[in-house]
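Inside the fold
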Amino acid sequence: MKRTTLSLIAVATTLAAVTGFASLTAPDGGPAPEAKAASRLPVERTGLACPAPSTSEVAETRYTSYTPPGTGTGTATGQGSPGKAGQPTAQLTAAASTTASGGTAQGGKAKTPKIPAPVTAPGKPVTSEADGPGAPALTGAATGTLAPGWTVQQTTVVPAGGARGLLGLSCGAADTDFWFPAASTAKERQDYVHLTNPDDTAAVADIELYGPEGVLKSQFTDGIPVPAHSTVPVLLSTLTAAAPQQSVTVHVTTRSGRVGAAVGSADEKLGSDWLAAAADPATTAVLPGIPADATSVRLVAFVPGDDDADLKVQLATQTGTIVPAGAGALHVKSGMTAALDLPDLTRGQAASLLLTPSDPKKPTPFVAALRVVRGKGENTEVAFVPATAAISARATVADNRAKASTLSLTAPGAAAQVKVTASAGSEGGTPVTRTVSLKAGTTTSLTDLVPGGVKGSYALTVEKVSGGPVHAARTLALPQDGTPMFTVQTFVDDHGTVEVPSAHQDLGVLD
């Protein structure tokens, strides 16, 4: 009888399916030493997917690609790399646009857009621009020293029309499960879920919609094909014959393959922006980065399990945690979307919303997101803030602009300390690093952390130093013609390292 021992290379490959590759060397033979504690190594491959930015003729899109320095110490494997084997690369390529039925989508009449330039070294952002409706969805990968923490920010300005607004999105990794509270099928909204497949094999996705009364039934939400290296935009209002709903929760899953997913929302009265996926269902939630001058905030929550959730609503301000007047609780029924309007929430202070069980003995997992409005009358703009997980090690948001970016840092429980770095600019500048201490239950806003002599876009990187959990968000504000255009991106841990067992095992075959 033969026995084959488990290869550590196989273990690393399994981990790499989610976070990247970590190279290992098999032993040459001899007796295996005792197992050692697991170690963390930099990932060697990271993939991202960016949806098509806009269909507007007047859209102006900037892509900012960036890898923070200090983690990628390994060598590139070359696997999945568009460059030469062994040479680190970070490059995006265009994805084909198809319809939900599998046909080819009609492209815009704009000239062929520029594909974002590749990153050549950690520590310096690279920007590219693409104008008009012809800018495609993008997929790509970073390898070797450019992989750990690689991020791409997609920022689009639409100055006029029904999709008017500043739309921002950190391009995401492919996955099999996404939650999007705060979507809508209302008549004044045009919400599309964009499914982008970065892989070499086709994917099949399912979309479920949940309104205030439960599931919105449809025969068109199951088995949506997403061909390899392609994108499929799906208008939510076409998926159900149910009456239009102001607040809807979207659940995207795949029955085969993986996709990147994001919801593009355009409100004919309020403006437009991207809704990124919320953090996985959990018994508590932090929604960071509500602007100080928000004129309207709507909280949307959904419980995917069998039990209802009773949530305590609190606001983490610059001075401490308070309960919003008249809106300190939210009851969320199982399988139903609940919404709570929070007027005059921030009162001139940037803040973050905290959601916890009303009864700590009855925790129930839920997902949540905010719709935030700035401005009044015809001069309004909208953005979305999904619940976000704490930064476990490091996270980055690119495409920051001098005098236009606000970084919000929230310590919902215990005091904490983080290191924040503003990178060099894409056209010049000197990086700046600051250690920030955060008081328990507060939100700290930074507007003055800018690279010395900055020119162009720069990246903000937050690294956990000590203390309790920290959640972060970046607000980019680019007012135009009296409209307070803005977008908010939450910081998602970059998973720049992967835990790999350090044990030596016999890779031979024994009788």
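Residues numbered from 1 in each chain as written. Predicted model: local features only at pLDDT ≥ 70, side-chain atom pairs only at ≥ 80, totals over all residues. Heavy atoms only, no water.

This part covers the overall build of the chain. A tally of regular secondary structure across the chain gives one helix and 37 strands. Within the chain, buried positions represent 51% of all 511 residues. Pairs at least 24 apart in sequence give 80% of the contacts found in the chain among residues at least 6 apart. (Helix = DSSP H or I, 4+ residues; strand = E, 2+ residues; numbered from the N terminus. Buried < 20%, exposed > 50% of the residue type's maximum accessible area, 1.4 Å probe, protein only. Contact = heavy atoms within 4.5 Å.)

With that settled, the discussion passes to the pattern of salt bridges. Taken as a whole and assessed by the stated rule, the structure comprises twelve salt bridges. In this structure, D399 engages R62 in a salt bridge whose closest nitrogen and oxygen atoms are separated by 3.7 Å. With a gap of 337 residues between them, D399 in strand β28 (residues 394–400) and R62 in strand β4 (residues 60–66) connect regions that are remote in the sequence. For R374, the salt bridge goes to D293, with nearest N and O atoms at 2.8 Å. A residue pair is termed long-range when its members are at least 10 positions apart, and R374 in strand β26 (residues 367–376) and D293 in the loop between β19 (285–290) and β20 (294–302) qualify at 81 residues. (Salt bridge = Lys/Arg side-chain N within 4 Å of Asp/Glu carboxyl O.)

This paragraph deals with the packing of aromatic side chains. Tallying each qualifying case throughout the model produces three aromatic pairs. Seen in terms of ring centroids, Y210 and F302 are 4.6 Å apart; in terms of plane orientation they differ by 40°. Their pairing is tilted. Of this pair, Y210 sits in strand β12 (residues 203–211) while F302 sits in strand β20, placing them 92 residues apart in sequence. Judged by its relative accessible area of 14%, Y210 is buried. A cation over an aromatic ring shows up here: R374 above the ring of F486, its NZ or CZ 5.1 Å from the ring centre. (Phe/Tyr/Trp six-rings, centres within 6.5 Å; stacked < 30°, edge-to-face > 60°. Lys NZ or Arg CZ within 6 Å of the ring centre and 35° of its normal.)

The next subject is the confidence of the model for the chain. In the predicted model, the chain carries a mean pLDDT of 87, and 84% of its residues have values of at least 70. Throughout residues 1–30 the model reports pLDDT below 50, and contacts reaching past four residues in sequence, or to other chains, amount to 56 contacts. Across residues 72–85, where pLDDT falls below 50, the model places 31 contacts with residues more than four positions away in sequence or in other chains. (pLDDT = per-residue confidence, 0-100.)

On to the state of the cysteines, then. Under the criterion given, the structure shown has one disulfide. Here C50 pairs with C171 through a disulfide, and the sulfurs are 2.1 Å apart. Looking along the S-S bond of the C50-C171 disulfide, the torsion reads about 115°, which is the right-handed sense. One end of the pair, C50, is in strand β3 (residues 45–50); the other, C171, is in the loop between β9 (165–170) and β10 (177–183), with 121 residues separating them in the sequence. The exposure classification of C50 matches that of C171, with both residues buried. (Disulfide = S-S within 2.5 Å.)

This part is about the nonpolar core. Ranked by internal contacts, the top residues of the largest apolar core, which has 32 residues, are L287, L299, L353, L355 and L370. The residues touching L355, leaving out its near neighbours within four places in the chain, are T283, T284, A285, L287, L299, L311, K312, V313, F366 and A368. (Core = buried A, V, L, I, M, F, W, Y, C linked by side-chain atoms within 4.5 Å.)

Inspection of the secondary structure assignment puts Q153 in strand β8 (residues 151–158). Residue Q153 is classed as buried on the basis of its relative accessible area, which comes to 1%. A polar atom in the side chain of Q153 sits 2.9 Å from the side chain of S170. A distance of 3.3 Å separates the side chain of Q153 from the side chain of Q489, its partner in a polar contact. (Polar contact = N/O pair within 3.5 Å; in protein donor to acceptor, adjacent residues only side chain to side chain.)

Attention now goes to the environment of D493. Here D493 lies in the loop between β35 (486–490) and β36 (497–500). Those residues in contact with D493 that sit more than four places away from it in its chain are I391, S392, A393, R394 and A395. Of the polar contacts made by the side chain of D493, one reaches the backbone nitrogen of A393; its length is 2.7 Å.

Among all residues save glycine, negative phi is the norm, and among peptide bonds the norm is trans. Notably, D399 is not glycine yet its phi reads approximately 55°, a positive angle. Accessibility expressed as a relative area gives 0% for D399, which makes it buried. Notably, H495 is not glycine yet its phi reads approximately 50°, a positive angle. Assignment of secondary structure puts H495 in the loop between β35 and β36. The class for H495 is partly exposed, based on a relative accessible area of 46%.

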